[in-house]
Number of protein chains: 2
Amino acid sequence: MDEKRSFHMSPDEFSRHGHAVIDWIADYMRRVEDLPVMSHLEPGAVRSLLPDSPPQHGEPFPDMLKDVNRVILPGITHWQSPSFFAYFPANTSGPSILGELLSAGLGVQGMLWATSPACTELETHVLDWLVGMLGLPTRFMSGASGGGVIQDSASSAALCALLAARERATGFRSNEQGCDGRLVAYASTQTHSSVEKAVRIAGIGRRNLRLIDVDGQFQMRPEALASQIARDRAGGLSPCFVVATVGTTASNGIDPLPTIGRICRDEDLWLHVDGAMAGTACLCPEFRWIHDGLEYADSYCFNPHKWMFTNFDCDCFWVADRTALITTLSILPEYLRNKATESGAVIDYRDWQVPLGRRFRALKLWFVIRHYGVEGLRFHIREHIAAAQEFAAWIEKSPDFELAVKPPLNLICFRHKRGDEMTRAIMNRVNDSGALCMSHAVLDGRFTLRLCVGQTLTTRLHVRRAWDAVVSAAREERTHT
Amino acid sequence: MDEKRSFHMSPDEFSRHGHAVIDWIADYMRRVEDLPVMSHLEPGAVRSLLPDSPPQHGEPFPDMLKDVNRVILPGITHWQSPSFFAYFPANTSGPSILGELLSAGLGVQGMLWATSPACTELETHVLDWLVGMLGLPTRFMSGASGGGVIQDSASSAALCALLAARERATGFRSNEQGCDGRLVAYASTQTHSSVEKAVRIAGIGRRNLRLIDVDGQFQMRPEALASQIARDRAGGLSPCFVVATVGTTASNGIDPLPTIGRICRDEDLWLHVDGAMAGTACLCPEFRWIHDGLEYADSYCFNPHKWMFTNFDCDCFWVADRTALITTLSILPEYLRNKATESGAVIDYRDWQVPLGRRFRALKLWFVIRHYGVEGLRFHIREHIAAAQEFAAWIEKSPDFELAVKPPLNLICFRHKRGDEMTRAIMNRVNDSGALCMSHAVLDGRFTLRLCVGQTLTTRLHVRRAWDAVVSAAREERTHT
C-alpha cells in the first residue's frame, strides 16, 4: 500500500498530544461549573455531525480534540458539574484520573495473579485498607476467611453474591444441575433494580423474588421478611438470599441490619448488603451507625465511583467466606494453568467475577487514598453531608415545601406542598435552565425531587444556589399557572 | 479538623502531575522492549513493600509515581512488550490511551441516552462503522433490526447472548419463571471457558452444556452437533443456544459457520459467534473468509482490546434482533424514567448489558479508528499475520520442531519433536530468561507452545528473536539433560 513502516503514535507524539489532553481536562475542570448541566439535544443530533463512514487514512490528533469540543461536548450531561445533584453521583478527582491513565498506559491484564502480580496484590491490599477505613467487620479481610475485589458495579457485585448464595444453598450443585424453580430471594420494595436483574439472570425467576414491605422511612420491615420466609418454607420453597440496602436509591433508606442479620443467621440465608453510595459515609466514625449489624453479612459492597472521588468503574465487594465465591465462579482451562495458581498461595481474581479479563483498577483507588489521606476524604464527606442537611433545614422552614423523608446523610427527598404537578414542573424548570440537575423518585405514590450532594466540586455555595433555583422555579411556576 | 477548604487536586496541579504521568507513559513505551517480559516475583512480594495502613494525611503526587517505579513495576508482566506472545494479546496504542484519559476526565455515565446523549450516539455510530469495516452482515446495523454495544469482555457478551437465547426459547418466560432444567446449550470442546461460566450463571446447568467434538484442525464437527441436538430433542430437552468460535483460544480454530449456521436456522437455535481475537483480521478483505456463514448468526462479538490497538475493556457485541436482547435485559425503575426513553426514539444501553452504569468507552475506539484510518489498521494486522506465518515456516523447515496445527492467522501452535517434557522445558527457559513470554495449550493431549503475534509494537524483528530464543533454549536444554 505505501512505504510507511508504522502508523503508530510515537512516544514523542504521544507526549505532545497527551499534554494537550491533560490541559483540556484541566480546563474542563475549571469551566465545568459554568456549562449547562444537562444536555438538551434531540435524539440523533450527535450522529448527524459524524461522517457516515470511517476514514480510510489516519487523521491528525488535534482534529479529534476539536471534534470533542464540536461534536461531543454539546451532547454531554456534565456529571462532574458541582451543580449536578441527580441520581447518585459518579464523582472523580485528579488522582483518580491519573491512576486510570497509568492503568491504560501499562495495559496489563489482571485475570490471574501470574499475569501481573502487582495488579492483584495492590487490589487485595487496598481493599484490606478499606476494611479498616470504613470500620467493616474484620472477617472481610484477606488475612481472615474473606477478601475484597473490585467489580465494575454494584449490579455485578449483587449478581456474584446471588450466585454464591445459590450455590451454597444447593450444596454447590446449581452450577452443575441448573436451577429448579425452588430457590427464593428477598429484597425490599426499595431495593435497586439490579437485584431483580440478577435474579432473572441467575435463572431463579422474578416470581421467586419477594419484595418485602417497608416502613414509613422506606426501610425494610424485618417482621415482614421473617413471615415471608416462613410462608415460603411452608410452601416447600428454599429461601437462599437476602439483600439489605444501606442507603436506598430512591430515598437513602437504611435497612435495619441487626434484625435482618439475625433472621438470616437463624435461617441460614446469604445476606448481601448494598451500600453503593452511602457506604462512603463510614469513612467518618460518626456515620458508622449505618453499618450496625454488618457483622451478619456474607457480602457487602460500596462504590468509590459514586462518592469517593474515584472514577467509574470501581465497586468494592467483600465476602466473609471467599471459598464459597471462588468455588462458584472458578473455571480453570488448561491454557490458564500456572505454577502460582496451583500452589494455592495466590488470589486469581478472575474467579471472583463474571468476566475473565480485568483492568488494573486498584491504581486509581490507591492514588485517591494516598492523595487525600483518610482525613482529607473525611473532610469532604462531612462537607457534603453538612451542606445536604442545611438544604433539608431550608425545606423544613419553608412554607411551600416539605421533606418526603428525614434524610440520614446526603440525599434530600422533597416536594412542593401543592402536589405532583407542581413538583414535576419545578424539576423540569430547573433542569431546563441548565443551572443545575436533579432527578426524581416516587415515594408513597407521590412525585418527589431528589437532591444528592456528592460531586467532587460541590460546596455549600452550590447547594445554596440550588435552593434559590428551586424557590424561584416555584415562584415562576405559580406566576405562569 | 483544620483550616483547609479543600483537599482536591487543583486544575493547575492536575496539569503539572498529568504531564508527568504522560511523560512516564511515553518513556515506558520507549523502554518496555528492554524490560524483562514476565514478572517473577514471589507471592506477597508486592504487598510486603506496602504500608499496613493507609495514610491519615495526603501525600505528594510525585511520591506515588516513585512508588509505581519501586513497588508496582517489578510486579508487572509487560503485556505491552513487543516480545509478549502469550495468551491472546491485550494491545493498546497512543490514541486509545488518550481516549480512555478523556473518558475519565469527562466522567459521564452512559447508562441511559438521557444521561449523556453523545456517549450513546457515538457508540452506536462507531459500532455501525465497524460493521462495514469488518464486512459483517448488515442486519447487525442499528438502522436495520440489530445494533452494536460495547461490553467489557467476550465473557459478558456470551452471557448476554445466552440470556437472550434462553428468553427467546422459552417464549420470554425464563426471566419470570426461572429455569426448569430442560434448556440445552452447545459449544465445542475448544470453546472458551466463559461459555461454561455463562451456562452456570444463567441457571441452565453445566450438565446441559454439550461440548461437541472437533476435527483434526480443532474445529467443531457440525454433524456431531446435529446428532447431539437430535438426541436431546428425542430426550425431551429444549436446545436453545450454540456458540461457534472464529479463532479458538487454544489453537485459533475456525468453526465452520455455514454448516453450523444452517443447522441453527433449521432448528431455530440462537447462534452466537465469538471472534474475540481473530475477528480483527476481517479489517482486511483477504481474511474475511473466516466470517463466511456469519449471516446466520444471531449475535457476534470481537475484542478491539485484544488486537485492534484499543485498551481493555472494549468488546464489541452485535445482535441481529435488538428487541430480543432489550426485552431480556430491560428493567425500568421509576427513578430512571425520562422523556427520551419513553419516546422510544433512543437507545438506552443499560438494557444491552448486565451492569447499569457504563463508561464512555466509544471515545477510545473512535480515536483509534480515526488515528490509524482503515488502511493504517490493515497495514499492522497484515504485518502481524505475515510475521506469524514466517515463524510457522521456520517451524516447518526445522528438524526439531513441528506445528501442532496449520495456523490460519497470527497464532502459531508448535512443539518440540522430543515430546512434552522438552516442549515445557523450552517454554520455562524462554519465559524465565525475560526475553519473551509465551504460553501453552494442550492439543490432542500434547503440551503445545502458543506464540501469538498481536502486540502493538511487535515487528518481524521481535518474532525473529523469539525464534532464535526458542532454538537456543532447545539447544541448551539438550546440553543440560
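Residues numbered from 1 in each chain as written. Chains lettered and ligands numbered in written order. Predicted model: local features only at pLDDT ≥ 70, side-chain atom pairs only at ≥ 80, totals over all residues.

Enquirer: Before we go on, may I ask you to explain the overall build of chain A in this structure?
Expert: Along the backbone of chain A there are 15 helices and 11 strands. Scaling as 2.2 N^0.38, a compact globule of 481 residues should have a C-alpha radius of gyration of about 23 Å, and chain A matches this with 24 Å. Taking the principal axes of the C-alpha coordinates as reference, chain A spans close to 75 × 60 × 45 Å. Within the span of chain A, comprising 481 residues, buried residues form 61% of the whole. Within chain A, contacts between residues at least 6 apart in sequence are counted, and of these 75% link residues at least 24 apart. (Helix = DSSP H or I, 4+ residues; strand = E, 2+ residues; numbered from the N terminus. Rg over C-alpha atoms; globule rule 2.2 N^0.38 Å. Buried ≥ 20, exposed ≤ 12 C-beta atoms within 10 Å, placed from the backbone. Contact = placed C-beta atoms within 7 Å.)

Enquirer: Whenever I open this one, the relation of the copies chain B and chain A confuses me. Can you help?
Expert: Applying a rotation about an axis and a shift along it to one chain copy brings it onto the other copy. Once chain B has been moved 0.0 Å along the axis and rotated by 180°, it coincides with chain A to within an RMSD of 0.0 Å. Classification of the inter-copy transformation places it as that of a two-fold axis. Mapped onto chain A, 100% of the interface residues of chain B are again interface residues, and the two copies thus contact each other with one and the same surface. (Least-squares fit on C-alpha atoms with pLDDT ≥ 70 in both.)

Enquirer: What exactly am I supposed to notice about the sheet that holds strand β10 (residues 439-443) of chain B here?
Expert: All names here are of chain B. Pairing is antiparallel across the open sheet formed by four strands, whose spatial order is β8-β9-β11-β10. Edge positions in the open sheet fall to β8 (401-403) and β10, since each of these has one partner strand only. Strand-to-strand, the axes of this sheet are offset by a mean angle of 40°, without reference to chain direction. Pairing of β8 with strand β9 (residues 411-416), which is carried by three bridges, proceeds in the antiparallel orientation. Pairing of Glu 402 across the sheet is with Arg 415, part of β9. Against the sheet, helix α13 (residues 362-397) touches β8, β9 and β11 (446-452), its axis set at about 20° to β9. Sheet contacts for helix α14 (residues 420-433): β9, β10 and β11; angle to β11, the most-contacted strand, approximately 35°. (Pairing = 2+ DSSP bridges. Axes fitted to C-alpha atoms, helices over the stretch in contact; angles between N-to-C directions.)

Enquirer: Can you help me understand the interface of chain B and chain A in this one?
Expert: Interface extent is often summarised as the accessible area lost during association of the parts. Across the contact, 127 residues belong to chain B and 127 residues belong to chain A. With 15 residues, the top contributor of residues to the side of chain B that touches chain A is helix α1 (residues 11-31) of chain B. Residue composition of the side of chain B that touches chain A, by class: 61 nonpolar, 46 polar and 20 charged. (Nonpolar A, V, L, I, M, F, W, Y, C, P; charged D, E, K, R; others polar.)

Enquirer: I would appreciate a short explanation of the domain arrangement of chain A in the present structure.
Expert: Domains assigned within chain A are domain 1 (11-34 + 39-76), domain 2 (108-359) and domain 3 (367-480). Look at where the C-alpha atoms of domain 1 of chain A and domain 2 of chain A centre, and you get two points 38 Å apart. (Domains from an automatic or database assignment.)

Enquirer: What exactly am I supposed to notice about the sheet that holds strand β5 (residues 270-274) of chain B here?
Expert: By way of backbone hydrogen bonds, the strands of a sheet pair with one another, either parallel or antiparallel. Residues and elements named next belong to chain B. Strand order in the open sheet formed by seven strands is β1-β7-β6-β5-β4-β2-β3, with mixed pairing between adjacent strands. What marks the edges here is a single partner per strand, and that holds for β1 (147-151) and β3 (209-212). The mean inter-strand angle of the sheet, taken between neighbouring strand axes irrespective of direction, is 20°. The pairing of β5 with strand β6 (residues 299-302) spans three bridges and is classified as parallel. Across the sheet, the residue bridging to Asp 274 is Cys 301, located in β6.

Enquirer: What am I meant to see in unusual backbone geometry here?
Expert: For residues other than glycine, phi is negative in most cases, and the peptide bonds are mostly trans. All names here are of chain A. Each neighbour pair has its own omega, and for Phe 312 with Asp 313 the value is 5°, a cis peptide bond. The topology assignment puts Asp 313 in the loop between α10 (304-307) and β7 (315-319). Not every positive phi belongs to a glycine, and Phe 309 is a case in point at roughly 65°. Its place among the elements puts Phe 309 in the loop between α10 and β7. By the C-beta count within 10 Å, which is 32 here, Phe 309 ends up buried.

Enquirer: Please explain the packing of helix α5 (residues 154-169) of chain A against helix α11 (residues 322-329) of chain A as it appears in this structure.
Expert: For any two helices packed against each other, the geometry is given by the interaxial angle and the distance between the axes. Residue and element names in this part refer to chain A. At their nearest, the axes of α5 and α11 sit 9 Å apart, and the two run at 90° to each other. It follows that α5 is roughly perpendicular to α11 by the angle criterion. In this structure, α5 uses Cys 160, Leu 163, Ala 164, Glu 167 and Arg 168 to contact α11, whose residues at the interface are Ala 324, Leu 325, Thr 327, Thr 328 and Leu 329. Among the residues forming the contact of α5 with α11, the class breakdown is six nonpolar, two polar and two charged. (Parallel < 35°, antiparallel > 145°, perpendicular 65-115°, else oblique.)

Enquirer: Quick question: what am I supposed to make of the pairing of strand β11 (residues 446-452) of chain A here?
Expert: Successive side chains on a regular strand alternate, one facing one side of the sheet and the next facing the other. Residues and elements named next belong to chain A. Counted residue by residue, β11 has five buried out of seven residues, so it is predominantly covered. As paired elements, strand β9 (residues 411-416) and β11 share four bridges and run antiparallel to each other. Bridging from a neighbouring strand, Phe 414 pairs with Leu 449 of β11. Where strand β10 (residues 439-443) meets β11, five bridges bridge the pair, whose relative direction is antiparallel. Residue pairing for β11: Ala 441 is matched across the bridge by Thr 448. Between β10 and β11, which pair antiparallel in sequence order, lie two residues; one of them, Asp 444, sits at a positive phi of approximately 55°.

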